[in-house]
Amino acid sequence: MRWLVGWSSAAATSDGRRGPVRTTNGRDRHGSTGSGPYDSAGADSYGPPGPGPYDPAGAAPHAAHVPDGEDGALRPVGAQVLWGGPDPLWAVGDWRPDEIRVVESEPGNRLAVLGCCGADDDELRLGLIAARGGAFRHLTAWPGSYTAVASVGRRITVAADLAGARPVFHAPWAGGTAYATAALPLADLIEAELDFGELAVRLACPEAPEALGDGTPFRGVRRVPPGHALIVRDGGSREIAGYEASGSLVVGAPPVDPETAVAGVRDALVDAVRVRLTAPRHAAEHDTDVRDPGPVPGMGPADRQRARGGPAPGVGADLSGGPASGTLALLAAGLPGTPGTVLGSGAAGAGERLLAVTFNDLTLANRTADPHDTAGTDSHLAELERAHSIAENPRLRHVVVTGGQEALPYADLTGGPLTDEPGPSLVTAERHRGRLSAGSSDHFLGSGARHVVDAHPARLADLLLDRRRRHLLRPVAALARAEGQSGGQAAGRSLLVPVTIYRAARRLARTSYRDGVTEAAALLRDSTFTAAAFAPYPEGGESAVDASVAALTWCRPGPAARWLTGEALAEVSLRLEGAAQARPSVERPGERRARAALTRAAADHRVLEQAVEIRGQRLHAPFFDNQVVRAARELPEALRVRPEARGSILRAALAGAGVHELPPGWGAPTHATHHAALRAGVRLAAGQLLELFRAPLLAEAGLVEARVVRQAVQRVARGEQLPVEGIADLVSTELWLGRLLARRGTCWTGSAAPRHRAAAAGVHPDGRYERILPPTGA
């Protein structure tokens, strides 16, 4: 796992040394200050940095051990120093040399950019000059995916990205502020314990920013919201400031020409792909090792390379047959003068051909007996045909990776690294690792396209707010056709689809933010909600209409909420009500729901990157880049809500880049295979899952009842229509807790390192519900 960490310590004393700082306990019980998660804090508003040791006289812990370059000073394990002084910055992990760039415009003003950034040194210096004047949005406007840290005097600015794939975390420490791009090192630094209230929110309402706020699974460690930047001045004051202009609900923005908006998406995608292709090429050590085992019966050069371990040199891409991965593969292969692989190295002797990897799930042929999986089988076969058709491009070198039962979700629950946070990708990590191990050192993924380009169903309410009812005709008609084609009783219900969708959209448009969130909170406390824990769950399964109607709300429970305890649901409902009263929103419901869904998808992608990490390999998801997200936000809502909008937009983007021939069925939805794989994985690994929830940590924390979860697993294994995504959320959280509590050591070293690690106390039943509500006006 690669991350950067630094801090801004207390201001220097009169004799030039940094000593203890007197502080006032102005924190709330989460560790933040102010009335909300986005408020700034004054210099005297920091209290104790967490459950670790704290001097009652007011001296901040570890203040005497702020690093000064001496041996034994507190520092991250395996870190390289980017700059020192009172505000040091480190880079931790196997960063490539070209992924770390530090420029300085004048003494005391420095800018560090970590990741893939398309700006040259002169542009970086201009961005540093702009940040010195307060225009730190310029630090986020370059192509690529990166984290920028600007140090101007004793003012430090760290910008999070717009999607949430490159977050920033912070915590009060040593009378100042520590920050990092990972939560775990900060939790070790302040010896933070687990926040089970936050874990309950992630399970109950994973797409509700009202309840999530800026929290993390660790008490005292806070997250900078997407589209915001952390600004620390002299180690004492901390501010969270947004750098994106927000539209008003009253004054509508001028209409954007659809062709201009699509051209903006095309240019942003081309720039994002070009940045990765023009970066220096990297090859793993085994690619330059002359000790090749030689010919092996039944193994070609590529097979021997994979057997030695590590990715292939050069650049590659996923080619699943969907529009997102196909767009990236065709763009990467079609850009002139940018070869995809290193010429003559290892098995990649093809030179300029781009390595395209397709995964073929062999278990789909055995799932036709399940009525819920037949659609997934047909969709998967169509995807494979489209992938083979795209792979006929002479600049692509196609590799098909097959996987049987060993590649299903839940196949390997014992192995796997500890990720920074829990995420549903933990249960599918082994499935992705098998495919990515056959990929390249720089590998493109189509993750995020659906959330960035497509329209959330709640955007239908935004159209009604703008009095553009005619634009509802196409999406409603498409849903009616899909309902009629499913056959049976659904064919008769297709006539009622337009009325059902229109009523739900109108109800959402007429419901205020506060009332909508309060209704969701009341639903969680309703006894009928938990009583229906094993009721049929059609969302994402039988009917797209049911899923669309359920999404037309300000806030709704997640798939795992039905299996949480009443105490946990009550705690989440209190958070929802408190947030609705303290932080009313003036945003449109569709924009807010779409941004929350994008944030969750980006966070899960970040967990996937850490869970399937292969040394020497970089996974690139250009759809999460700032410039791509900005360009996609300019797409008119009327264009987004059209049927197969993503496929048509990406088709237009490819046409503008010179790619016109696409296979039939381009842009068809591809979610059925994911649900089918999850159900098959539960059936195959039912015994392991039942053993995992024999005495789970989640039950010890009071979040679930082990008996209820085991019953849900048994019913899904029998083929009942229950939310398999909820099972994935519970299993991934339980796995993450077990790996976190089983680890040894911390992220820090030196004589001044903390004596304990994060969550050293384990699960405390007495302290699992520390009620934290936003302050009232009193």
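Reading the values: rules and limits
Residues numbered from 1 in each chain as written. Predicted model: local features only at pLDDT ≥ 70, side-chain atom pairs only at ≥ 80, totals over all residues. Heavy atoms only, no water. Helix = DSSP H or I, 4+ residues; strand = E, 2+ residues; numbered from the N terminus. Buried < 20%, exposed > 50% of the residue type's maximum accessible area, 1.4 Å probe, protein only. Contact = heavy atoms within 4.5 Å. Areas by Shrake-Rupley, 256 points an atom, 1.4 Å probe, with all protein chains shown as cover. Core = buried A, V, L, I, M, F, W, Y, C linked by side-chain atoms within 4.5 Å. Arc of directions from axis to C-beta. Pairing = 2+ DSSP bridges. Axes fitted to C-alpha atoms, helices over the stretch in contact; angles between N-to-C directions.

1. Some words on the overall build of the protein
- Looking only at helices and strands, the protein has 27 helices and 19 strands in total.
- When burial is assessed residue by residue, the protein has 56% of its 778 residues classed as buried.
- Counting only contacts in the protein whose residues sit at least 6 apart along the sequence, the fraction spanning at least 24 positions is 76%.
- As presented, the protein carries roughly 31,100 Å² of accessible surface, and 51% of it is formed by carbon and sulfur atoms.

2. Here's the deal with the environment of L114
- Tracing the sequence through the fold places L114 in strand β6 (residues 109-117).
- Separated by 112 residues in sequence, L114 and R2 have C-alpha atoms that sit 10.0 Å apart.
- Setting aside residues no more than four positions away along its own chain, L114 makes contact with L4, L82, A91, W95, E99, I100, Y146, T147 and R166.

3. As for the nonpolar core
- Grouped together as the largest cluster of nonpolar side chains are 111 residues, with contacts concentrated most on F218, Y410, L576 and L730.
- Those residues in contact with L576 that lie beyond four places of it in its chain are C205, A208, E210, A211, V517, A520, A521, L524 and C555.

4. Description of helix α9 (residues 429-436)
- When α9 is considered as a whole, its buried residues turn out to be A429, R431, R435 and L436. Burial along α9 is one-sided: seen end-on, the buried residues are contained in an arc of 160°.

5. Examining the sheet that holds strand β5 (residues 100-106)
- Across the sheet, which stays open at both edges, the six strands sit in the order β5-β6-β7-β8-β12-β13 with antiparallel pairing between neighbours. Strands with a single pairing partner mark the edges of an open sheet, and in this sheet they are β5 and β13 (237-242). Sheet twist, expressed as the mean angle between neighbouring strand axes with direction ignored, is 15°.
- As defined by bridge partners, strand β12 (residues 228-233) adjoins β13 across six bridges and the pair is classed as antiparallel.

6. Here's the deal with the sheet that holds strand β10 (residues 176-180)
- Here we have six strands laid out as an open sheet, ordered β3-β4-β1-β10-β9-β11, and antiparallel in their pairing. Two strands bound the open sheet, and with one partner strand each, they are β3 (79-83) and β11 (222-223).
- Taken together, the four bridges between strand β1 (residues 3-8) and strand β4 (residues 89-92) define a ladder with antiparallel strand orientation. Opposite L4, over in β4, you have A91 as the bridge partner.
- On top of the sheet, helix α2 (residues 183-190) reaches β1, β9 (169-173) and β10; it is set at about 10° to β9, its chief contact.

7. Overview of the environment of A717
- Structurally, A717 is set in helix α26 (residues 706-717).
- For A717, a relative accessible area of 22% puts it in the partly exposed group.
- Linking A717 and G687, residues 30 residues apart in sequence, is a C-alpha distance of 9.9 Å.
- When residues no more than four places from it in sequence are discounted, the contact partners of A717 are V682, R683 and A686.

8. Some points on unusual backbone geometry
- Its identity is not glycine, yet E191 carries a phi of approximately 55°, on the positive side.
- Tracing the backbone shows E191 in the loop between α2 and α3 (196-204).
- Positive phi is not limited to glycine here, since R467 has a value of about 60°.
- Along the chain, R467 turns up in the loop between α11 (459-465) and α12 (473-485).

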